[in-house]
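Descriptive structure summary
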Amino acid sequence: MKNLSKICLLLIGVSLLTPGLAAKDPNLKLLKARQGEMQLRAYNVGPLFGMAKGKMEYDAALASKLANNLKTQLSLDIGGTWKQGTDVDAYPGKTTALGKIWSTYPEISNYGKKYANAVNELADAAGNGLDALKPKISAVGKTCKGCHDEFREQK
Ligand code: HEC
C-alpha cells in the first residue's frame, strides 16, 4: 500500500513536470530573443512609416530618435540567437525562420548589410525634414521585406 501511493505520487510528479521540461528547451529562449529584437525594429519603424504616409505629423526630434534607435540596434551582437537547427521545421508555430538561412549561409548576411546601410542613411536623414525622411524610410522598409520574403515562412 505504501509503495503503491509512492508510485502514484511519483506519476503525478512526472505528469506535472513534463510541460515544465518542454518549456525548458533552451532554444526557445533564443527564438524569443531574436523575435524580440525584430519586434523592437517594428516598434521603431512604425511611427516613421506613419510620418512618411502622412498618418502622423512629422516630428524631427522623434524621427531622429527612432532612426537612431534602429542604428543602435545594429551594434547588438546576438548572432548566437540564430543557432543552426532552430528553423521552422524544428519549431513549427514557434518561429518563421526558414532552414534556408543556414543552408545558404552567408547569403542572408548580404540582406543584413543592405539593411544596415539603409538604416545608417536613415539615421543621417530622419531629422532633416519629411522630404528627407520619406525615401530613406521607404528604402529601409524594402530591405526588411526583401529579407522576410526570402528567409521567412510565407503565410
Ligand atoms: C536580414 C534579414 C532580416 C531583415 C533585414 C529584417 N528581418 Fe525581420 N525577421 C527576419 C527573420 C529571419 C525573422 C523570423 C524570426 C523567427 O521567427 O525566429 C524575422 C521576423 C520578424 C518579425 C516577427 C517577430 C516575431 O515576433 O515573430 C518582425 C515584426 C520583424 N521581423 C520586423 C522587421 C522589421 C520592421 C525589419 C526592418 C526594419 C526587419 N524585420 C528586418 C529577418 C529579417
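A brief report on the enclosed structure follows.

1. Let's talk about the environment of lysine 53
Here lysine 53 lies in the loop between α2 (26–52) and α3 (60–74). Residues lysine 53 and lysine 134, spaced 81 residues apart in sequence, show a C-alpha to C-alpha distance of 8.3 Å.

2. Looking at the site of the ligand
Around the ligand sit 21 residues, and of these Met38, Thr95, Cys144, Cys147 and His148 come closest. The contact in question runs from an oxygen atom of the ligand to an N or O atom on the side chain of arginine 34, over 2.7 Å. Take threonine 95: an N or O atom from its side chain is 2.6 Å from an oxygen atom of the ligand. Among the elements of the structure, α2, α5 (107–125) and α6 (130–151) are those that each provide at least two residues to the shell around the ligand. It is α2 that provides the largest number of residues to the shell around the ligand, a total of 7 residues. Classifying every residue of the shell around the ligand gives 11 nonpolar, 7 polar and 3 charged.

3. Observations concerning the coordination of the iron atom of the ligand
Protein coordination at the iron atom of the ligand: the donors are Met38 (SD) and His148 (NE2), at 2.0 to 2.4 Å from the metal. Here the iron atom of the ligand binds 6 donor atoms, and the angle range of 87 to 179 degrees at the metal identifies the geometry as octahedral. Placement of the pair is methionine 38 in helix α2 and histidine 148 in helix α6, with a sequence separation of 110 residues. Since its relative accessible area comes to 29%, methionine 38 is described here as partly exposed.

4. Structural notes on the nonpolar core
Counting residues in each nonpolar core, the largest one holds 17 residues, and the members touching the most others are Leu48, Leu70, Leu122, Ala126, Leu133, Ile137 and Val140. Looking at this core, the elements with two or more residues in it are α2, α3, α5 and α6. Here this core gets 5 residues from one element, more than from any other, and that element is α5. Sequence-distant contacts of alanine 126, that is, excluding residues within four places in its chain, are made with Tyr58, Ala63, Ser64, Ala67 and Leu133. Counting residues in hydrophobic clusters, the runner-up holds 6 residues, among them Ala97, Trp102, Cys147 and Phe151.

5. Topic: the pattern of salt bridges
Applying the stated criterion to the full structure yields 5 salt bridges. With a shortest N-O distance of 2.9 Å, lysine 136 and glutamate 121 are connected by a salt bridge. Here glutamate 121 lies in helix α5 and lysine 136 lies in helix α6, a separation of 15 residues in the sequence. We classify glutamate 121 as partly exposed; its relative accessible area is 41%.

Rules used in this analysis
Residues numbered from 1 in each chain as written. Predicted model: local features only at pLDDT ≥ 70, side-chain atom pairs only at ≥ 80, totals over all residues. Heavy atoms only, no water. Helix = DSSP H or I, 4+ residues; strand = E, 2+ residues; numbered from the N terminus. Near = heavy atom within 4 Å. Polar contact = N/O pair within 3.5 Å; in protein donor to acceptor, adjacent residues only side chain to side chain. Nonpolar A, V, L, I, M, F, W, Y, C, P; charged D, E, K, R; others polar. Donors = N, O, S within 2.8 Å, 3.2 Å for Na, K, Ca; no water. Tetrahedral: all angles 85-135°; square planar, octahedral: opposite > 155°, others 65-115°. Buried < 20%, exposed > 50% of the residue type's maximum accessible area, 1.4 Å probe, protein only. Core = buried A, V, L, I, M, F, W, Y, C linked by side-chain atoms within 4.5 Å. Contact = heavy atoms within 4.5 Å. Salt bridge = Lys/Arg side-chain N within 4 Å of Asp/Glu carboxyl O.

Structural measurements only, silent on function.
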